[in-house]
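Inside the fold
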Amino acid sequence: MTPHAPSPASVVNTSRNPRFTRDFLTTGRTAARRSELWWGLAAALWAVGYAVINATAALPANPQLWWQLRQGELTLSTGHAVLSHSWSWTAGMLPWIPNSWGWGTLLAIAYRGAGFAGVVVFVLLAQLGVLALVWRVLGRFGLQAGPVRVGILVLFSLTLAGWADGQSELADYGAVFAFALVCLHPRMSALSEGRRRLALGGAAFAIAAVWENLHLGGLVAIAVFAAVYAICMPVARRASTAAVVGLGAALGVLATPAGAAGIVKSLGTASSSRAEHYAAWGHLFADPGGYNYEPVVLALVIGAAAIVLVLIRRDHVAAGILLIAALSACLVVRSDTDLVMLSVLAGGPAVARMPQPRLPRIGIGAFGAAAAWAIVAVCVAAASVVPGWRLTGVDPADLASIPHGARVFSTVGASDAIDVLRPDLQVTIDSRNDLYPVAQFEFAKSLTGAGAGAAQAPDYFEDNGVTAVYLQGAPAHEERTRLAAVLADAGWRAVPGVRGLVLLAPQK
């Protein structure tokens, strides 16, 4: 007896319906796409949570944000770049290099449009933009959306955290990866050498010009762009194209007054009187315990990459460009983020040629972990943004008792907030410490520190027309208690606030 044959309607074609397969996550092309989807979503949620934290909870840790915002406000009001530190009476006569004037202007536009919420959104989008460029460059290298690509993105974002809280250095990394994306565009390989040279030179010019207005890169912009070209393009390219890339970046830098001033500043730092200042603050020529090791490490890493190019690819032109980049980067290297950035660009193609496991089940777990991370980040952000004064650490109500146009002394962090919350006031010092003489900065700090500084405060304030002092936070700290007591003995009136203490000079 012939067994009953199933009707066509009762047959399920599992090859066309992966939902009905026993393990659809690990079978066929659809499984690969689903795996990439899980890992891609995990990367996106990680980036969102990371950006939200840096744009809110970590924002007060960036003192540069506030003088950049004040600079941008003045630029919008006057219609030209700021040329003097007019909001500090101790540094107002010193020249101001319009560092990151474009970044400050964008911050000011966001602030005018939506207050601190606008600043948060701008910083959030800037971070997401940089991470999206990194993710896209890794894809152009051939890395699939999987654990390797996500791991590289997370590693880079962790090293970027020092700059991700609204600092203009975000423009540096965005510009570099944007140029790498141009180099890796599929159409570049199809162009003739002449058109490729023109396209890459024009791209280097345009990106460098925008970069220099957002944040001064100077010599590093030229060297890094040339290095990125050498890394990202195939070997069979003429040296003249690399030269055009460097020339285009140089012209882009020089096309803006800020860029030209930045190069002059970079070249003159070692021989000018500012070298002593930079040594004191650890920016350049620092003590062994400072940042002195980073330029050496960076030079060694790029030099090693140059040697590898010579031995493996036999590309002496690219090796020479990398060595030039190493020397230039030693001038203004900032952090290990630069090392990771160059490592990603140099090592990305090699990693892409290695086996790339999909690990779909782990991808689902990574998605769940990233989703939880994003939820936590949003909750922390809500606690940081509401009320809005937590972004600055200073409640505007505390400053209401300070007379209009007064000269104010406060700690550096509070001065940065005063720059924005009360633009009519003039502060003694703020976090733009490279504009102050070292002796002036140290003395101002000593007024709230140990030793005899506090005892000199009444005479110093009277001689220089300081009529208000703001001590941020509860004046339970020993140095703040000392200064408050000294001023109280001199007849200053204390006005307690929500987040600090205001002391007003006696009326004469």
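Before going into details, it helps to say that this report is about the structure given with it. Given the structure is predicted, the values throughout are model-derived calculations rather than measurements.

Conventions adopted
- Every residue gets a number counted from 1 within its own chain, in the order that chain's sequence is written.
- Where totals are concerned, whole chains, interfaces and linings use all residues; where local detail is concerned, this predicted model gives features only for residues with pLDDT of at least 70, and gives and counts side-chain atom pairs only at 80 or more.
- The basis for the side-chain values is all heavy atoms of the structure; hydrogens and waters are excluded.
- Salt bridges are defined by distance alone: a side-chain nitrogen of Lys or Arg within 4 Å of a carboxyl oxygen of Asp or Glu.
- Segments assigned H or I by DSSP are reported as helices when at least four residues long, segments assigned E as strands when at least two residues long, and all are numbered from the N terminus.
- When a residue's accessible area, from a 1.4 Å probe over protein chains only, is under 20% of the maximum for its type it is buried; when over 50% it is exposed; and in between it is partly exposed.
- For the purposes of this section, nonpolar cores are sets of buried Ala, Val, Leu, Ile, Met, Phe, Trp, Tyr and Cys residues that join through side-chain atoms within 4.5 Å.
- Any two residues whose heavy atoms approach within 4.5 Å at even a single point are treated as in contact.
- The distinction between a cavity and a pocket rests on a 1 Å grid over the protein atoms alone: a 1.4 Å probe fits inside a cavity but cannot get out, while a pocket stays open yet meets protein on both sides within 12 Å along at least five of seven lines, and a residue with an atom within 4 Å of a point counts as lining.
- Grid points are joined across faces, edges and corners, and a volume is the space filled by probe spheres set on the points.
- In this classification, Asp, Glu, Lys and Arg are treated as charged, Ala, Val, Leu, Ile, Met, Phe, Trp, Tyr, Cys and Pro as nonpolar, and every other residue, Gly included, as polar.
- One fewer than the residue count of a helix, multiplied by 1.5 Å, yields its expected span.
- For two strands to be treated as a pair, DSSP must find at least two bridges joining them.
- What qualifies as a polar contact is a pair of N or O atoms within 3.5 Å, subject to a donor-acceptor requirement within protein and to the restriction that residues adjacent in sequence count only when both atoms come from side chains.
- Stacked, tilted and edge-to-face are the three classes applied to pairs of Phe, Tyr and Trp rings, where Trp contributes its six-membered ring and a pair requires centres within 6.5 Å; stacked means planes under 30 degrees apart, edge-to-face means over 60, and tilted covers the rest.
- Angles here are taken between N-to-C directions and fall from 0 to 180 degrees, while the axes themselves are lines fitted to C-alpha atoms, restricted in helices to the stretch in contact.

Quick look at the pattern of salt bridges now. For the structure on display, the rule yields two salt bridges. A salt bridge links Arg112 to Glu73; its shortest N-O distance comes to 3.2 Å. Taken together, the positions of Arg112 in helix α3 (residues 101-141) and Glu73 in helix α2 (residues 64-78) put the pair 39 residues apart, joining distant regions of the chain. In this structure Glu73 comes out as buried when scored by relative accessible area, which is 19%. Between Asp424 and Arg422 there is a salt bridge, with the nearest N and O atoms lying 2.9 Å from each other. For Asp424, a relative accessible area of 22% gives the class partly exposed.

Counting residues in hydrophobic clusters, the biggest one holds 76 residues, and the most contacted among them are Phe156, Leu160, Phe179, Phe225, Met341 and Leu345. If you tally residues by element for this core, the top one is α3, at 17 residues. Beyond its immediate stretch of four places on either side in the chain, Leu345 contacts Val137, Phe141, Val176, Phe177, Ala180, Val228 and Ile231.

Turning next to empty space enclosed by the protein. Applying the stated criterion across every chain yields a total of two cavities of 30 Å³ or more. Size it by volume and the second largest cavity reaches roughly 60 Å³. Along its surface, the second largest cavity is lined by Ser35, Glu36, Trp39, Gln144, Ala145, Gly146, Pro147, Val148, Arg149, Gln356, Pro357 and Arg358. Of all the secondary structure elements, the ones that give two or more residues to the lining of the second largest cavity are α1 (28-55) and α4 (147-160). Split by residue class, the lining of the second largest cavity holds five nonpolar, four polar and three charged.

Now for α4. Taking 1.5 Å as the rise per residue, α4 with 14 residues should run 20 Å; its terminal C-alpha atoms sit 20 Å apart, in good agreement. Inspection of α4 places Arg149, Val150, Ile152, Leu153, Phe156, Ser157, Thr159 and Leu160 among the buried residues, and these make up the whole buried set.

So, on to the pairing of strand β4 (residues 493-496). As defined by bridge partners, β4 adjoins strand β5 (residues 500-504) across four bridges and the pair is classed as antiparallel. Across the sheet, residue Arg493 finds its bridge partner in β5, namely Leu504.

Turning next to the side chain of Ser410. Tracing the chain through its elements places Ser410 in strand β1 (residues 407-410). Judged by relative accessible area, which is 1%, Ser410 ranks as buried. Side chain to side chain, Ser410 and Ser415 meet in a polar contact 2.7 Å long. Every residue in contact with Ser410, bar those within four places of it in the chain, is listed here: Ser415, Ile418 and Tyr470.

Glancing now at the packing of aromatic side chains. Tallying each qualifying case throughout the model produces twelve aromatic pairs. Between Trp46 and Tyr50, the aromatic rings sit 6.2 Å apart at their centres with planes inclined by 25 degrees, giving stacked as the arrangement. Taken as a pair, Trp46 and Tyr50 lie in helix α1 at a separation of four residues, close to a single helical turn. Pair check on accessibility: Trp46 and Tyr50 agree, each one buried. Geometrically, the ring pair formed by Phe156 and Phe177 is edge-to-face, given 5.4 Å between the ring centres and 80 degrees between the ring planes. With Phe156 in helix α4 and Phe177 in helix α5 (residues 170-183), this pair connects stretches of sequence that are 21 residues apart.

Before going further, it helps to spend a moment on the environment of Val380. Looking at the element boundaries, Val380 is found in helix α15 (residues 360-385). In this structure Val380 comes out as partly exposed when scored by relative accessible area, which is 32%. Considered as a pair, Val380 and Thr56 are 324 residues apart in the sequence and their alpha carbons are 8.2 Å apart.

Counting through the fold element by element, Ala383 comes out in helix α15. The class for Ala383 is partly exposed, based on a relative accessible area of 43%.

For the rest of this paragraph, the subject is the sheet that holds strand β3 (residues 466-472). Across the sheet, five strands lie side by side as β2-β1-β3-β5-β4; this open sheet has mixed pairing. Unpaired on one side and paired on the other, β2 (426-427) and β4 mark the two borders of the sheet. Taken together, the two bridges between β1 and β2 define a ladder with parallel strand orientation. Bridging from a neighbouring strand, Arg407 pairs with Gln426 of β2. Against the sheet, helix α16 (residues 412-421) touches β1, β2 and β3, its axis set at about 145 degrees to β1.

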